[in-house]
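Coordinates in review
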Amino acid sequence: MQTFKTDTMGGSVILRKQVNLFDCFVLIVGTVIGSGIFISPKGVLENTGTVGWALIVWAVCGVFSTLGALCYAELGSSIQKSGGDYTYIMDSAGPIFAFLRVWTSILAVRTASNAVLSITAATYLTSPLFTDCENGVPFAITRMLACTILIATTFCNSISVPLTRKVQIIFTVAKLLGLAIIILSGIVLLIQGNTSNFQNAFNVKEVDWKQLPLAFYSGLFAYSGWQYTTNITEEMINPGKIIPKSIIAAMACITFVYLTTNVAYFAALSPEEVLRSDAVAVSYGFRVLGNWWLLMPLAVALSCIGSINGGVFTASRQFYVAARDGQFPEVFSMVHIDNKTPLPAAAIILPIGSLMLVSDSVYSLINFLSFSRWVFIAMATASLPYFRWKYPDAERPFKVPLVIPVIFILMAVFMVGGSIYSAPRDVGIGIIMTLSGIPVWFICVWWENKPRKITEVFDKVTIFLQRTLYVVPPDEPTGHTFDVTDDETSSKIEES
C-alpha cells in the first residue's frame, strides 16, 4: 500500500500518553452510566416481579460486571497495547475472530448504541417543549438533533484529545449530580417513612424464574461499557497502575449509585407505577421534585451525550489498532498531523451512526448483536488463563485469582444460553450478521494478491483521504504485547 509521509513541526505523529488515573475513572463512569439507569429499572422489575429480587439482580449485575472488569484489568495492565478485547482475541484466537469482533462493533454494537443514545438524548431534550402535542416530539426534530449530537461528539474526538477529556469530565459530573438529586431525595423519603414498597419485597409467588435471564439482560445493559477501558491502553500514562485502580474504583462507584438510585425510585414509586413508566427518572421527578422535574430529562440527555463521547473515544482506538494490524483499511490507522488524534477511525462512526437514525430498526440491531457481544467478551476473558499458561513468566502488574475468569466465563455462557432460549430469532439474526464478516475478511484481508488495478484504486483513495483529512501513518507503534522466546516455557514483552 502506498501512502505519503510528511515532516511535522509538532514532533512525532503518535497518540500521546496523556490519560491519567482520574481521566480513566471518569471515562469508565461516564461511558457506563448512560440511559440504562433511567430506563432499565422497568425491565428488571418486569422480569423479576418483586422489589427485593429486582434489587438483588442489580447487585448481582454489578458484581458480575466487576468480575469481568477485573479480568480486563489484568489483560490491560499486562498487554499494554490498545484495542481492548480485539487485541486479546487477536493474540489468542486469531485474526478471523478478532476481525469479527471489530466487524460487529462497527456494524451495530457501537454505532447503533451511539445512534440510540443520541435519539434518547434528543427526545429528552425536546420533550418538555412538546408537552401539549398529542403525537409527542416530531420524528424529524429528534433525528436532526440526534444527528447534531453525533456530529458534535465526533468533531470533539477528532480535533483534540484534551478537549475530549474535559468534555467527558463535564458530562460525567453532570450525570452524577442528577443521580445525586435522586439518591438524596430518596433518602429523605425513607427517613419520612416511605417504606411501604419494601414490605414483602421477596414474595416468591410473584417471581417467574423463566424470565430471570431477561432481567439480567436489562440490568447488564445499564452496566455495559466497562469493557472499553482497555481500548486506550497506549494513551495511558502508566497503564499497569491506573487500569486496575480506575476499574475497581469506578465499578464500586457505579454499583453503589445504581443500587441507591433504585432504592430511591421504589421509595417514591410503587412497582405498578414503575412498570407503567417508560422513563422512571422522569416519573420520579414528577412525583418528588415538583417544578424542578425538568432536571430529570436534562440529566438523562446529558448522561446519554457523555456516554456517546466516551464511546467514540474508545471505539475509535479499537478501529485504529485493527487497521494498524492490517485488519481494516490502512487509512484508519493514521493520525492527524497537528491534533495527534485518530481522526479517520473516529470519523467512520459518524456516517454509519447517522444513517441508522432514519429508521426505528436501530433498536433491533442492538438486540440482534447482544448475543455476539457476550460471546466475544467471554472469548476475550478466556484468553486470560490461556496467556497464563502460554506466557507464565510475563510481567503482570495486576493479577486476579483464576477462579474469577472461570466464574465470569460460566456466567457469560449462561447469559448466551439464556438468550438462545428466550430470543432464538434475534440470536439467529445476530449470528448471521456476525458471520457475514467472514467473506469480507477473506476478500479484503486474507486475499493479499489482488489485481493491480484494484490495489491502484485503493492507493489513490487512501492518498486522497490522507490529503483531505491531513493524516499520516504514526511514526512508531507505542504498544506491546506478549511474545515467545526460543525457550517456549518463558516469555517476554516485546514491542509489536
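Residue positions within a chain follow its written sequence, with the count starting from 1. Reporting of local features is limited, given that this is a predicted model, to residues whose pLDDT is at least 70; pairs of side-chain atoms are given and counted only at 80 or more, and all residues count toward the totals for whole chains, interfaces and linings. The basis for the side-chain values is all heavy atoms of the structure; hydrogens and waters are excluded.

As recorded by an unreviewed UniProt entry, the protein chain carries the name Cystine/glutamate transporter and is attributed to Holothuria leucospilota. In its Subunit (unreviewed entry) section, the UniProt entry covering the protein chain states "Disulfide-linked heterodimer with the amino acid transport protein SLC3A2/4F2hc; this interaction mediates cell membrane localization." UniProt positions are given in the numbering used here, feature names are shortened, and annotations may be inferred rather than shown by experiment.

A pair of aromatic rings is counted whenever rings of Phe, Tyr or Trp (Trp by its six-membered ring) have centres within 6.5 Å, and the orientation is called stacked for planes under 30 degrees apart, edge-to-face for over 60 and tilted otherwise. Using the criterion set out here, one finds 18 aromatic pairs in the structure. Judged by centre distance (4.7 Å) and plane angle (20°), the rings of F64 and F408 are stacked. Note that F64 is positioned in helix 3 (residues 51-78) and F408 in helix 16 (residues 403-422), a separation of 344 residues in sequence. Where Y223 meets Y258, the ring centres are 4.8 Å apart and the plane angle is 65°; that geometry is what we call edge-to-face. A helix here means a DSSP run of H or I that spans at least four residues, while a strand means a run of E at least two residues long, and both kinds are numbered starting from the N terminus.

For the rest of this paragraph, the subject is empty space enclosed by the protein. In this analysis the probe radius is 1.4 Å and the grid spacing 1 Å, with only protein atoms considered; a cavity is a set of points the probe fits into but cannot get out of, a pocket is an open set with protein on both sides within 12 Å along at least five of seven lines, and lining residues have an atom within 4 Å of a point. Grid points are joined across faces, edges and corners, and a volume is the space filled by probe spheres set on the points. Enumeration according to the criterion identifies 6 cavities of 30 Å³ or more in this entry. By volume, the largest cavity amounts to about 90 Å³. Surrounding the largest cavity, V19, D23, V26, L27, T164, R165, Q168, I169, I232, N309 and F313 form its lining. Broken down by secondary-structure element, the contributors of at least two residues to the lining of the largest cavity are helix 1 (21-32), helix 7 (161-191) and helix 12 (295-324). For the lining of the largest cavity, the element with the most residues is helix 7, which contributes 4 residues. Of the residues contributing to the lining of the largest cavity, the split by class is 6 nonpolar, 3 polar and 2 charged. Ten residue types, Ala, Val, Leu, Ile, Met, Phe, Trp, Tyr, Cys and Pro, are classed as nonpolar, four, Asp, Glu, Lys and Arg, as charged, and the remainder, Gly among them, as polar.

Helix axes are fitted to C-alpha atoms over the stretch in contact, other axes to C-alpha atoms as well, and angles between N-to-C directions run from 0 to 180 degrees. Following both chains from N to C, one finds helix 8 (residues 212-223) and helix 16 inclined at 120°, their axes separated by 9 Å at the closest point. With respect to each other, helix 8 and helix 16 are oriented oblique. Helix 8 and helix 16 meet at a crossing whose hand is left-handed. Residue-level contacts link P213, L214, F216, Y217 and L220 of helix 8 to F414, M415, V416, S419 and S422 of helix 16. Each residue belonging to the contact of helix 8 with helix 16 can be placed in one class, and the counts come to 8 nonpolar, 2 polar and no charged. In what follows, roughly perpendicular refers to angles from 65 to 115 degrees, roughly parallel to angles under 35, roughly antiparallel to angles over 145, and oblique to any angle outside these ranges. Crossing handedness: left-handed means the near helix sits turned counterclockwise from the far one by under a right angle, and right-handed means the same turn made clockwise. Two residues form a contact once any of their heavy atoms are found within 4.5 Å.

Once that is clear, we can look at helix 11 (residues 280-288). Each residue gets one of three labels from its accessible area relative to the maximum for its type: buried under 20%, exposed over 50%, partly exposed in between, using a 1.4 Å probe on protein chains only. Taken together, the buried positions of helix 11 are occupied by V280, A281, V282, Y284 and G285. Check the buried side of helix 11 and you find it contacts helix 2 (36-48), helix 5 (95-126), helix 7, helix 9 (239-268), helix 10 (271-276) and helix 12. Count one or two residues on from helix 11 and you reach G290, which has phi positive near 65°.

What follows is about the environment of K175. Assignment of secondary structure puts K175 in helix 7. The spacing of K175 and V29 is 146 residues in sequence and 9.7 Å in space, taken between C-alpha atoms. Contacts of K175, omitting those with residues within four sequence positions, involve G30, I33, L302, S303, G306 and S307.

Any two cysteine sulfur atoms within 2.5 Å of one another count as a disulfide. Per the counting criterion, the structure on display carries 0 disulfides. In this structure C24 is a free cysteine whose sulfur lies 14 Å from that of C253, the closest cysteine sulfur available. Its relative accessible area of 0% is what places C24 among the buried residues. Looking at C71, it has no disulfide partner, and the nearest cysteine sulfur is the one in C61, 16 Å off.

Residues belong to one nonpolar core when they are buried, are Ala, Val, Leu, Ile, Met, Phe, Trp, Tyr or Cys, and are joined through side-chain atoms within 4.5 Å. F38, I182, W226, I254, Y258, Y284 and W374 are the most contacted members of the largest nonpolar core, which totals 144 residues. Ranked by residue count, the leading element in this core is helix 5, at 16 residues.

This part takes up a nonpolar patch on the surface. In this analysis, a patch consists of residues with relative accessible area above 30% that form no salt bridge, clustered at 9 Å for like charges and at 5 Å for the nonpolar side chains Val, Leu, Ile, Met, Phe, Trp and Tyr. Only the protein chains shown count as covering a residue, and every accessible area follows the Shrake-Rupley method with a 1.4 Å probe. Every case where a carboxyl oxygen of Asp or Glu lies within 4 Å of a side-chain nitrogen of Lys or Arg is listed as a salt bridge. On the surface, F442, I443, W446, W447, I454, V457, F458 and V461 cluster together to form a nonpolar patch covering roughly 750 Å² of accessible area. Those elements giving two or more residues to the nonpolar patch turn out to be helix 18 (437-446) and helix 19 (452-469). Looking at the element boundaries, F442 is found in helix 18.

Throughout the structure, instances matching the rule amount to 10 salt bridges. As a salt-bridge pair, K81 and D325 come within 3.3 Å of each other at their nearest N and O atoms. In this pair, K81 is assigned in the loop between helix 3 and helix 4 (85-92) and D325 in the loop between helix 12 and strand 1 (335-336), connecting sequence segments 244 residues apart. You can call K81 buried: its relative accessible area is 6%. Taking relative accessible area as the criterion, D325 reaches 28% and is therefore assigned partly exposed. In this structure, the salt-bridge partner of E273 is R287, at a minimum N-O distance of 2.4 Å.

Right, let's talk about the environment of I96 for a bit. With respect to the helices and strands, the residue I96 is situated in helix 5. Of the residues examined, I96 reaches a relative accessible area of 28% and is grouped as partly exposed. Sequence-wise, I96 and Q327 are 231 residues apart; in three dimensions their C-alpha atoms are separated by 9.1 Å.

A few words now on the side chain of N197. Among the secondary structure elements, N197 is positioned in the loop between helix 7 and helix 8. Reaching out from N197, the side chain makes a polar contact with the backbone oxygen of F266 at a distance of 2.7 Å. Among residues more than four places away in sequence, those in contact with N197 are V51, F266, L269, S270 and P271. Two N or O atoms form a polar contact when they lie within 3.5 Å of each other; inside protein one atom must be a possible hydrogen donor and the other a possible acceptor, and for residues adjacent in sequence the pair counts only when both atoms belong to side chains.

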